Amino acid sequence: VQLVESGGGLVQPGGSLRLSCAASGFTFSRYHMNWYRQAPGKERELVALISSAGGTTNYADSVKGRFTISRDNAKNTVYLQMNSLKPEDTAKYYCNARPPWGGRDYWGQGTQVTVSS
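Residues numbered from 1 in each chain as written. Predicted model: local features only at pLDDT ≥ 70, side-chain atom pairs only at ≥ 80, totals over all residues. Heavy atoms only, no water.

Take the overall build of the chain next. If you tally the helices and strands in the chain, you get zero helices and eleven strands. Listing each helix as α and each strand as β along the chain from the N terminus yields β-β-β-β-β-β-β-β-β-β-β. Across its three principal directions, the C-alpha atoms of the chain cover 40 × 25 × 25 Å. Here the chain holds 117 residues, and 43% of them are scored as buried. Across the chain, contacts joining residues at least 24 apart in sequence account for 53% of those joining residues at least 6 apart. About 6100 Å² of surface is accessible on the chain, with carbon and sulfur atoms providing 45% of the total. Positive and negative charge centroids in the chain, built from 13 and 8 side chains respectively, lie 5 Å apart. (Helix = DSSP H or I, 4+ residues; strand = E, 2+ residues; numbered from the N terminus. Buried < 20%, exposed > 50% of the residue type's maximum accessible area, 1.4 Å probe, protein only. Contact = heavy atoms within 4.5 Å. Areas by Shrake-Rupley, 256 points an atom, 1.4 Å probe, with all protein chains shown as cover. Lys, Arg positive; Asp, Glu negative; His and termini not counted. Charge placed at Lys NZ, Arg CZ, Asp CG, Glu CD.)

What follows is the structure, encoded as structure tokens:
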């Protein structure tokens, strides 16, 4: 099983980034997918989630209206479009795959997002 995040980097406040998470080794279309983030000295927090078929999404209050999660089950990839980025969005962003039946979930290694002028 692999989850490989990409798309992180350094961006100025107000800028945009698009994170991708490419999945392999499991039946991607059966798993709910989540993006988490963890800033230095803080706990990991759930940023956005999308259901297995993509019909349901939810967001942390801190990113609502600025971030959009989406998935392409044909490409085994989940995305996080991040607009109007703020310095407080600086964190390492992790992709997570969680089965709806409550089994084991999987994590990627993370991609760093830094928002700074």
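Picking up where we left off.
Here four strands make up an open sheet; going across it, the order is β1-β3-β8-β7 and the pairing antiparallel. Edge strands, defined here as strands with exactly one partner in the open sheet, are β1 (2-6) and β7 (67-72). For this sheet, the mean angle separating the axes of adjacent strands, direction not counted, is 15°. Looking at chain direction, strand β3 (residues 17-24) and strand β8 (residues 77-82) are connected through six bridges and run antiparallel. Along β8, the bridge assignment pairs A22 with T77. (Pairing = 2+ DSSP bridges. Axes fitted to C-alpha atoms, helices over the stretch in contact; angles between N-to-C directions.)

This part is about the state of the cysteines. Enumeration over the complete set of coordinates arrives at one disulfide. The partner cysteine of C21 in its disulfide is C95, sulfur to sulfur 2.1 Å. Across the disulfide from C21 to C95, rotation about the S-S bond amounts to roughly -80°, and the bridge is consequently left-handed. One end of the pair, C21, is in strand β3; the other, C95, is in strand β9 (residues 91-98), with 74 residues separating them in the sequence. Taken individually, C21 and C95 each receive the classification buried, so the pair is uniform in this respect. (Disulfide = S-S within 2.5 Å.)

This part takes up the nonpolar core. Of all hydrophobic cores here, the largest spans 31 residues; its most connected members are L3, M33, W35, V78, L80, M82 and Y93. Those elements giving two or more residues to this core turn out to be β3, β4 (32-38), β5 (45-50), β7, β8, β9 and β11 (111-115). Residues contacting M82, with those up to four places away along its chain left out, are G15, S16, L17, L19, R66, F67, Y93 and V113. (Core = buried A, V, L, I, M, F, W, Y, C linked by side-chain atoms within 4.5 Å.)

By themselves, these are just geometric observations and shouldn't be taken as functional.
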